[in-house]
Amino acid sequence: MAPDGPLVRQTARVTVLLWIASLSLLVWLWLACCHGLFWRTDVRLPPRRPPARWPQVAVVVPARDEAEVLPVSLPSLLAQKYPGRARVVLVDDHSTDGTGALARSLATPEGLELTVTSPPPLPPGWTGKLWALRHGVELAGPDVEYLLLTDADIAHGPDSLAELVAAAESDRRDLVSQMARLRVETGWERLIVPAFVYFFAQLYPFRWSNRPGSRTAAAAGGCSLVRRDALERAGGVAAIRGAVIDDVSLARAVKATGGRIWLGLAEQVDSVRPYPRLSQLWRMVSRSAYAQLRHSPVLLLGTVLGLALVYLVPPAAVLAGAAAGAWPVAAVGGAAWALMAGTFLPMLRYYRQPAPAALLLPFTAALYLLMTVDSAVQHWRGRGAAWKGRTY
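The rules behind these values
- Residues numbered from 1 in each chain as written.
- Predicted model: local features only at pLDDT ≥ 70, side-chain atom pairs only at ≥ 80, totals over all residues.
- Heavy atoms only, no water.
- Helix = DSSP H or I, 4+ residues; strand = E, 2+ residues; numbered from the N terminus.
- Buried < 20%, exposed > 50% of the residue type's maximum accessible area, 1.4 Å probe, protein only.
- Contact = heavy atoms within 4.5 Å.
- Areas by Shrake-Rupley, 256 points an atom, 1.4 Å probe, with all protein chains shown as cover.
- Lys, Arg positive; Asp, Glu negative; His and termini not counted.
- Charge placed at Lys NZ, Arg CZ, Asp CG, Glu CD.
- Phe/Tyr/Trp six-rings, centres within 6.5 Å; stacked < 30°, edge-to-face > 60°.
- Lys NZ or Arg CZ within 6 Å of the ring centre and 35° of its normal.
- Expected span 1.5 Å × (residues − 1).
- UniProt positions renumbered as here; feature names shortened; annotations may be inferred.
- Pairing = 2+ DSSP bridges.
- Salt bridge = Lys/Arg side-chain N within 4 Å of Asp/Glu carboxyl O.
- Axes fitted to C-alpha atoms, helices over the stretch in contact; angles between N-to-C directions.
- Parallel < 35°, antiparallel > 145°, perpendicular 65-115°, else oblique.
- Left-handed = near helix turned anticlockwise from the far one by under 90°.
- Nonpolar A, V, L, I, M, F, W, Y, C, P; charged D, E, K, R; others polar.

**Here we look at the overall build of the protein chain**
Looking only at helices and strands, the protein chain features 13 helices and ten strands. With the C-alpha coordinates of the protein chain rotated into their principal frame, the extents come out at 95 × 45 × 40 Å. A buried classification covers 53% of the 392 residues belonging to the protein chain. Look at the contacts in the protein chain between residues 6 or more apart in sequence, and 81% of them connect residues 24 or more apart. When the accessible surface of the protein chain is split by element, carbon and sulfur atoms take 61% of a total near 17500 Å². Counting 40 positive and 29 negative side-chain charges, the protein chain places the averaged centre of each group 7 Å from the other.

**A closer look at the environment of Gln-378**
Residue placement: Gln-378 occurs in helix 13 (residues 361–380). As for Gln-378 and Met-284, which are separated by 94 residues in sequence, their C-alpha atoms are 13 Å apart.

**Some details on the packing of aromatic side chains**
Scanning the entire structure with this criterion turns up eleven aromatic pairs. Where Tyr-198 meets Phe-199, the ring centres are 5.8 Å apart and the plane angle is 65°; that geometry is what we call edge-to-face. When sorted by exposure, Tyr-198 lands in the same class as Phe-199, which is buried. Ring geometry for Tyr-290 versus Trp-380: centroids 5.8 Å apart, planes at 80°, classification edge-to-face. Residue Tyr-290 is found in helix 10 (residues 278–292), and its partner Trp-380 is found in helix 13; the two are separated by 90 residues along the sequence. Joined through ring pairs, the aromatic side chains of Trp-28, Phe-38, Tyr-198, Phe-199, Tyr-311, Phe-344 and Tyr-368 make up one cluster. Positioned above the aromatic ring of Tyr-350, the side-chain terminus of Arg-181 is 4.1 Å from the ring centre.

**Side note on helix 4 (residues 128–140)**
Relative to the 18 Å expected for 13 residues at 1.5 Å per residue, helix 4 spans 18 Å between its end C-alpha atoms, a close match to the ideal helical length. Among the residues making up helix 4, those that are buried are Gly-128, Leu-130, Trp-131, Ala-132, Leu-133, His-135, Gly-136, Val-137 and Ala-140. In the stretch just after helix 4, Gly-141 is the one whose phi turns positive, near 95°.

**Notes on the UniProt feature "domain: Glycosyltransferase 2-like" (unreviewed entry) in the protein chain**
As annotated by UniProt and renumbered to match this structure, "domain: Glycosyltransferase 2-like" (unreviewed entry) occupies residues 59–233. Taken end to end, residues 59–233 comprises 38% helix and 21% strand; its first and last C-alpha atoms sit 20 Å apart.

**Focus on the pairing of strand 3 (residues 113–117)**
For strand 3, the buried fraction is high: four of the five residues fall into the buried class. When strand 2 (residues 86–92) meets strand 3, the two strands line up parallel, connected through five bridges. In the sheet register, Arg-87 faces strand 3, and the bridge partner there is Glu-113.

**Here we look at the pattern of salt bridges**
Scanning all chains against the criterion turns up 18 salt bridges. A salt bridge links Lys-129 to Asp-246, with the shortest nitrogen-to-oxygen separation between them at 3.3 Å. Residue Lys-129 is located in helix 4, and its partner Asp-246 is located in helix 9 (residues 246–256); the two are separated by 117 residues in the primary sequence. The class of Asp-246 is buried, set by a relative accessible area of 13%. Of the charged contacts, one joins Arg-173 and Asp-171 as a salt bridge, the two residues approaching to 3.3 Å between their closest N and O atoms.

**Some details on the pairing of strand 7 (residues 223–227)**
Within strand 7, five of the five residues are buried, which leaves it mostly tucked inside the rest of the structure. The alternating pattern of strand 7 places Cys-223, Leu-225 and Arg-227 and Ser-224 and Val-226 on opposite faces, both of which are buried. Relative to strand 7, strand 4 (residues 146–150) runs antiparallel, the two being bridged by five bridges. Across the sheet, the residue bridging to Thr-150 is Cys-223, located in strand 7. The pairing of strand 6 (residues 175–181) with strand 7 spans three bridges and is classified as antiparallel. The partner of Val-176 across the bridge, within strand 7, is Leu-225.

**A look at the UniProt feature "transmembrane region" (unreviewed entry) in the protein chain**
As annotated by UniProt and renumbered to match this structure, "transmembrane region" (unreviewed entry) occupies residues 16–39, 298–320, 326–345 and 357–377. Regarding residues 16–39, the helix share stands at 79% and the strand share at 0%, and the terminal C-alpha atoms are separated by 30 Å. This span, residues 326–345, is 95% helix and 0% strand, and a straight line between its end C-alpha atoms measures 29 Å.

**Quick word on the packing of helix 1 (residues 5–34) against helix 12 (residues 327–350)**
One can describe the packing of helix 1 onto helix 12 by two numbers: an axis separation of 9 Å at closest approach and a directional angle of 20°. Taken as axis vectors, helix 1 and helix 12 run roughly parallel relative to one another. With respect to the hand of their crossing, helix 1 and helix 12 are arranged in left-handed fashion. Here Val-14, Leu-17, Leu-18, Ala-21, Ser-22, Ser-24, Leu-25, Trp-28, Leu-29 and Ala-32 of helix 1 lie close against helix 12, whose contacting residues are Pro-328, Val-329, Val-332, Gly-333, Ala-335, Ala-336, Leu-339, Met-340 and Thr-343. For the contact of helix 1 with helix 12, a count of residues per class yields 15 nonpolar, four polar and no charged.

Listed below in structure tokens is the structure:
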């Protein structure tokens, strides 16, 4: 008797699903065990002791139309309890909302010295933020030993600067960077933000980045303390002048010239910028996602397929396997989904979010997949990396 055609086709489909689900599970086993323990959140400022001499520091803050957040962030910088000499240089990048005047009004006699300045017009080949940083670094003067490069939406605890400098001095690190804790107050922020940091750590495992000799190098642009001589050795800000993802570019430049770098999660450095709507979070991700892929259609295709295999196949296998009565498929997909959720739990705890939210990671990953594709589409339309009236 000839085998039943539909049964054969169904068996073949189940076999293919089982192979795909098994491949996804194997990838998750490798990610969890062999990918720099990226999912752990215990990479914090290393043990540190007060230096015998506190070096001179300049805090450089590029700011473009930041009047909304400056009243929260700038006072936290001016109130730093730093035992040595420190000053704040805020570079008003041709704002239209009174950022510079507001910054001047926030200065206090008992706080750190504040200088508010504006850079010359933006030249071709530079991003606005890096042109502003270059101006602030030059204005800081040659006597400054460290530069804290921080964003205008980042609030620092009172000992943040001292702890960063102590960590750099304790082990002769040239770049010490902390990923600020982002805001998670609205529903979309709670869904998108922890996954954003999780994906970043997966792309650049902190332990690998912090290891001398490793090819991985990353930093967080919102809070990066760099030695001035290390920055100059790397070619200065001019070496990365056109970089859209400037923090990673800076870390690569410093590490490539022999510098020791460190990146971890912050304990008293917080972003105060609100992202209450999905559209705002979408722009935050999509403006640089395709640049991260070096504007390569091949890398884009590989990223889309990789995200689908790693994050979308497990729940799809559970649902398809259960619907078809193919329980081995459902079991393998469930194991991959459970492993995925388990690696996401530490990040949820770091952001004080409920554990069941880990099961939503496939949905969030699907959003990131769409954001990445949208980033490429915007680039092809000539609107890539748009930020505050500028397109790069």
